[in-house]
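A closer look at the structure
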Amino acid sequence: MSDFLQELNTVQRQSVLATDGPVLVVAGPGSGKTRVLTYRIAHLIREGVAPWEILALTFTNKAAREMKERIEKVVGSGANQVWAGTFHSIFSRILRMEAEKIGYPSHFTIYDTEDTKSVLGAIIKEMNLDKTVYSPNVIRSRISSAKSNLITPRLYAEKEDLLQQDRAAKRPLTFQIYQQYSDRCKRSGAMDFDDLLYRFYELLHRNPDQVLEKYRKKFRYVLVDEFQDTNHLQYAIVRKLVQYPESPRNICVVGDDAQSIYAFRGATIQNILDFEQDFKNHGIQVFKLEQNYRSTEHIVEAANSVIQFNQRQIQKKIRSEKGSGHKIQVVKAMTDSEEGKRVADTLLEQKNRFHLSNRDIAILYRTNAQSRIFEEYLRRFNIPYRVFGGLSFYQRKEVKDLIAYLRLAINPRDEEALRRVINFPKRGIGDSTVEKISTLAGARQVPMWECLPLAEGGARTQQSIAGFIRLIQELASRAQTANAYDVALYAAEKSGLADLLRTDTTPEGIGRLENLANLLDGIKSYCEDDSEEAIDFSADKSLTGYLQNIALLTDFDEEDKTGGDAVTLMSVHSAKGLEFKSVFVVGLEENLFPSIMSMDTMEGLDEERRLFYVAITRAEQFLTLTYSVSRYKFGQMRYNEPSRFLEEVPRESLESAGGLKTGSSKEAAAGPPTATVSGAFQRRTNAHNASFKADPASFQASPSEQIQAGMRVLHLKFGEGKVLSIDGAKDNRVATIFFQGIDNPQRRIMLKFAKLQILE
DNA sequence: GTTGGTATCTGTGGA
DNA sequence: AGATACCAAC
């Protein structure tokens with residue numbers, strides 16, 4: 001065993017060696033955070049701590065896997081006995097062992113977001129509520145944040161502030177939906193992603209002697225990665241495990257407040273502040289890793305400068321010793337398509353000039369929907385690429401369908417799976433029959449599965465239902481004896497799913513059949529895989545094990561089909577923790593990055609800025625920032641100003657300061673009037689002229705509801721303009737109007753208040 | 001009960 | 001633009 005401690009700088013080594021008692025490591029980007037975590041664990045093992053006494057919680061499977069691999073390199077085998085994994089996977093593993101104690105079967109189903117939305121949709125429909133008001137997505141996030149704050153349905157119904165918010169949003173019955181959803185999940189033997197955390201907390205809380213005590217003793221050392229992204233519930237669980245009278249409080253959390261980008265799903269930097277407070281009296285040690293080993297100086301300077309614009313932060317400044325390096329390039333495009341082309345051009349040029357491989361390069365965007373254009377041009381240029389974050393393999397319809405059969409075989413109470421396949425492929429059990437069964441189940445408070453034989457209907461329907469029950473029972477009994485692959489193959493054939501796809505000869509149909517075959521292959525290799533890495537504490541070759549495993553996978557965990565050397569396309573969110581020699585951050589426009597959803601609050605904007613900080617600190621040597629003057633959204637052309645974040649990058653770090661690389665004049669001429677952007681990024685000057693451009697005497701405002709996209713209109717102050725688009729409905733209609741000849745010619749105007757005269 | 005066409009909505013990020 | 005929901009016709 002080499003002495004790995006030599007590879008660390010002073011602060012890193014201190015963070016590794018401070019094994020006992022509470023430790024907070026504030027780790028800037030590229031500061032060797034993963035190295036500290038892994039060496040810390042390796043060091044613990046070397047000092048005689050048993051691997052299974054160590055609990056290391058991460059946010060992604062990838063981070064967990066990497067950590068285990070690196071520990072193994074240092075200490076050899078034994079690394080796979082460390083309890084390292086995501087919050088969700090570790091807790092789900094323990095829940096399976098202890099599920100009965102909170103009234104769940106050990107083979108409980110895990111609902112993904114789609115399942116959750118579908119269940120909510122059904123409840124909303126049954127309650128006869130308008131789903132445009134009670135949008136499943138909104139309700140889901142409301143329920144999610146309730147769970148993340150340890151608010152049960154019953155508590156929710158007592159919280160006046162929550163009820164008040166719901167009333168204000170015209171959704172007063174949200175608490176009832178939450179209650180029903182909760183009941184239904186329980187009845188179905190199902191947990192959603194939040195439940196994996198929430199029920200785990202419940203398990204510990206309700207069984208202090210049998211369970212909590214056991215895991216407190218077991219996990220003598222607890223580590224948490226990306227602590228800034230934990231929510232209240234996650235921290236409550238961690239605290240429960242380590243915060244008790246005779247605890248050694250061997251808790252180490254690693255995080256960076258500047259990289260907190262998940263407030264939208266309940267993460268709170270407050271946890272870092274609370275942590276310091278909670279462990280103040282137990283000899284907490286705080287280390288700051290500020291030395292950046294990833295990026296050159298221009299990039300680090302840009303990052304430091306940008307983050308200064310935030311309101312609240314733990315003061316720290318990252319330092320680079322890599323030399324000044326290349327300046328940051330800013331590319332302006334007239335259209336989203338041109339942006340794609342210019343990124344591909346620049347990328348090729350960089351590859352040639354600096355001998356970069358495809359895998360050294362990433363294109364990062366704010367929203368997944370932006371990937372399409374870049375894919376188009378990369379394909380055209382014959383550059384292999386890999387897109388992360390789209391529809392994952394396991395979310396495809398045909399895959400989910402077969403999995404639904406498997407889910408039913410394991411847990412017939414799983415109502416969502418039942419609804420999904422009871423009539424797919426078609427077997428003559430239509431909506432009305434399903435509704436009858438559902439109503440019956442609701443009235444009796446039992447799973448739908450138990451009501452199947454009771455459904456009223458014609459003889460043919462009865463027969464169909466009996467056939468379906470038989471099919472599922474067959475699958476279930478096979479699952480008792482056969483391995484997962486055999487059950488899956490049998491399900492694919494016996495359900496008619498495989499036959500249905502075989503008859504579809506369209507290219508999409510053939511693709512779907514291939515996906516099904518791939519799924520079967522995947523299941524096969526899953527149950528045959530007895531390689532050493534698969535045989536760690538998490539090995540469970542049963543069908544149940546398989547199902548729980550895939551429920552927690554993301555497309556990060558999917559196989560790379562590009563042969564390994566591909567350009568990476570992903571959202572900035574999923575790029576956290578990664579690094580590339582060259583990074584393109586694209587779509588740097590107001591309303592996109594920062595996102596329009598975040599712009600009404602300071603906190604929202606700060607989070608977007610941290611996201612931008614994360615984006616630029618992914619780059620080692622080359623950083624290219626691009627924006628487009630116009631882009632299509634929902635089939636409509638939109639115009640946006642350059643992102644405010646571009647101005648927050650110091651001029652000295654930009655290539656050809658003040659100047660911009662713009663598109664060719666031909667392309668520029670094809671775009672809309674650009675209204676003279678002098679200097680690099682001219683921003684809105686608030687002092688606009690108060691004088692009238694239109695004659696107030698002859699001005700006659702038209703009723704605002706008549707304003708439509710495409711019209712020419714007159715505004716008293718701004719003069720004549722063209723309505724580019726309209727967003728929102730009724731009182732919230734907002735027009736984007738282009739006024740020729742004024743500063744920042746593109747304006748968004750609330751029609752409710754606007755005085756506009758229609759000219760044609 | 002099923003099929004196919006039209007209207008409507010979508011509008012951040014992810015385990 | 002693309003997915004989904006809904007409705008009328010088979």
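What counts, and where the lines are drawn
Residues numbered from 1 in each chain as written. Chains lettered and ligands numbered in written order. Predicted model: local features only at pLDDT ≥ 70, side-chain atom pairs only at ≥ 80, totals over all residues. Heavy atoms only, no water. Pairing = 2+ DSSP bridges. Helix = DSSP H or I, 4+ residues; strand = E, 2+ residues; numbered from the N terminus. Axes fitted to C-alpha atoms, helices over the stretch in contact; angles between N-to-C directions. Contact = heavy atoms within 4.5 Å. Near = heavy atom within 4 Å. Phe/Tyr/Trp six-rings, centres within 6.5 Å; stacked < 30°, edge-to-face > 60°. Buried < 20%, exposed > 50% of the residue type's maximum accessible area, 1.4 Å probe, protein only. Lys NZ or Arg CZ within 6 Å of the ring centre and 35° of its normal. Salt bridge = Lys/Arg side-chain N within 4 Å of Asp/Glu carboxyl O. Polar contact = N/O pair within 3.5 Å; in protein donor to acceptor, adjacent residues only side chain to side chain. Core = buried A, V, L, I, M, F, W, Y, C linked by side-chain atoms within 4.5 Å. Patch = residues over 30% accessible without salt bridge, like charges linked within 9 Å, V, L, I, M, F, W, Y side chains within 5 Å. Areas by Shrake-Rupley, 256 points an atom, 1.4 Å probe, with all protein chains shown as cover. Lys, Arg positive; Asp, Glu negative; His and termini not counted. Charge placed at Lys NZ, Arg CZ, Asp CG, Glu CD. Right-handed = clockwise from strand over helix to strand, strands pointing away.

**Some points on the sheet that holds strand E6 (residues 221-224)**
Taken in spatial order, the six strands of this open sheet run E3-E2-E6-E7-E1-E8, and their pairing is parallel. Two strands in the sheet have a free side with no partner beyond their single neighbour: strand E3 (83-86) and strand E8 (285-289). The average angle at which neighbouring strand axes cross in this sheet is 15 degrees, direction not considered. With four bridges connecting them, strand E1 (residues 23-27) and strand E7 (residues 251-255) associate as parallel partners. By the bridge assignment for E7, Val 25 is matched with Val 254. Sheet strands touched by helix H1 (residues 10-17): E1 and E8. Its angle to E8, the strand with the most contacts, is close to 145 degrees.

**Side note on the sheet that holds strand E16 (residues 619-628)**
An order of E11-E16-E15-E12-E14-E13 is seen for the six strands of this open sheet, with the pairing classed as parallel. A strand with exactly one partner marks an edge of an open sheet, and here the two such strands are strand E11 (329-333) and strand E13 (385-387). Between one strand axis and the next, the sheet turns through 20 degrees on average, direction left out of account. Judged from the four bridges that link them, strand E12 (residues 361-365) and strand E15 (residues 580-585) form a sheet pairing that is parallel. Paired with Ile 361 across the two strands is Ser 582, which belongs to E15. Against the sheet, helix H27 (residues 602-616) engages E12, E15 and E16, with an angle of about 130 degrees to E16.

**Some remarks on the protein's contact with DNA strand C**
Around DNA strand C, a shell composed of Lys 131, Phe 634 and Gly 635 is seen. For DNA strand C, the backbone portion of the atoms within 4 Å of the protein, that is sugar and phosphate, comes to 30%.

**Notes on the packing of aromatic side chains**
In this structure the tally under the stated criterion is 19 aromatic pairs. A ring pair is formed by Phe 4 and Tyr 39, whose centres lie 5.1 Å apart and whose planes are at 50 degrees; its orientation type is tilted. You can see Phe 4 sitting in the segment before H1 and its partner Tyr 39 sitting in helix H2 (residues 33-46), a full 35 residues away along the chain. In this structure Tyr 39 comes out as buried when scored by relative accessible area, which is 8%. Relative to Phe 219, the ring of Tyr 215 has its centre 5.9 Å away and its plane inclined at 25 degrees; by these criteria the two rings are stacked. Judged by relative accessible area, which is 4%, Tyr 215 ranks as buried. Positioned above the aromatic ring of Tyr 235, the side-chain terminus of Arg 239 is 4.3 Å from the ring centre. Here Arg 265 stacks its cationic end above the ring of Tyr 262, 3.8 Å away from the centre of that ring.

**Things to note about the pattern of salt bridges**
What the rule picks out here adds up to 45 salt bridges. Two residues, Lys 400 and Asp 112, come together in a salt bridge whose shortest N-O distance is 2.9 Å. Here Lys 400, found in helix H17 (residues 397-410), pairs with Asp 112, found in the loop between strand E4 (109-111) and helix H5 (113-126); they are 288 residues apart in sequence, far enough to count as distant. Several salt bridges share partner residues, and in doing so they unite Asp 112, Glu 114, Asp 115, Lys 397, Lys 400, Asp 401, Arg 407, Asp 414 and Arg 420 into one network.

**Looking at the protein's contact with DNA strand B**
By nearness alone, 28 residues border DNA strand B, and Arg 366, Ser 432, Thr 433, Thr 554 and Phe 634 come closest of all. Considering DNA strand B, the proportion of its atoms within 4 Å of the protein that are sugar or phosphate atoms stands at 43%. A distance of 3.0 Å separates a phosphate oxygen of DNA strand B from a polar atom in the backbone of Asn 368. One of the side-chain nitrogen or oxygen atoms of Ser 574 is found 3.3 Å away from a phosphate oxygen of DNA strand B. For the surface near DNA strand B, the elements supplying multiple residues, two or more each, are helix H19 (431-444) and helix H26 (572-575).

**Observations concerning the nonpolar core**
What tends to happen in soluble globular proteins is that the nonpolar side chains get buried as a cluster. Counting residues in each nonpolar core, the largest one holds 66 residues, and the members touching the most others are Ile 177, Ile 237 and Ile 251. Among residues more than four places away in sequence, those in contact with Ile 177 are Leu 120, Ile 123, Ile 124, Met 127, Leu 129, Tyr 134 and Ile 139. Judged by nonpolar contacts, the second largest core, of 51 residues, contains Ala 404, Val 421, Ile 422 and Ile 469.

**Concerning a negative patch on the surface**
Together, Glu 297, Glu 301, Glu 321 and Glu 652 line one region of the surface with negative charge. Counting through the fold element by element, Glu 652 comes out in the loop between helix H28 (644-647) and helix H29 (665-670). Assessed through its relative accessible area of 57%, Glu 652 is described here as exposed.

**Describing the environment of Leu 196**
By secondary structure assignment, the location of Leu 196 is in helix H10 (residues 193-206). Sequence-wise, Leu 196 and Pro 172 are 24 residues apart; in three dimensions their C-alpha atoms are separated by 27 Å. With residues near it in sequence (within four places) discarded, Leu 196 still touches His 88, Phe 91, Ser 92, Leu 95, Phe 108, Ile 110, Met 191 and Leu 552.

**Focus on the pairing of E15**
Looking down a regular strand, the side chains alternate between one sheet face and the other. A large share of E15 lies buried, amounting to five of its six residues. Across five bridges, the pairing between E15 and E16 is parallel. Residue pairing for E16: Val 585 is matched across the bridge by Leu 625. On the question of chirality, the crossover connecting E15 to the parallel E16 by way of H27 is right-handed.

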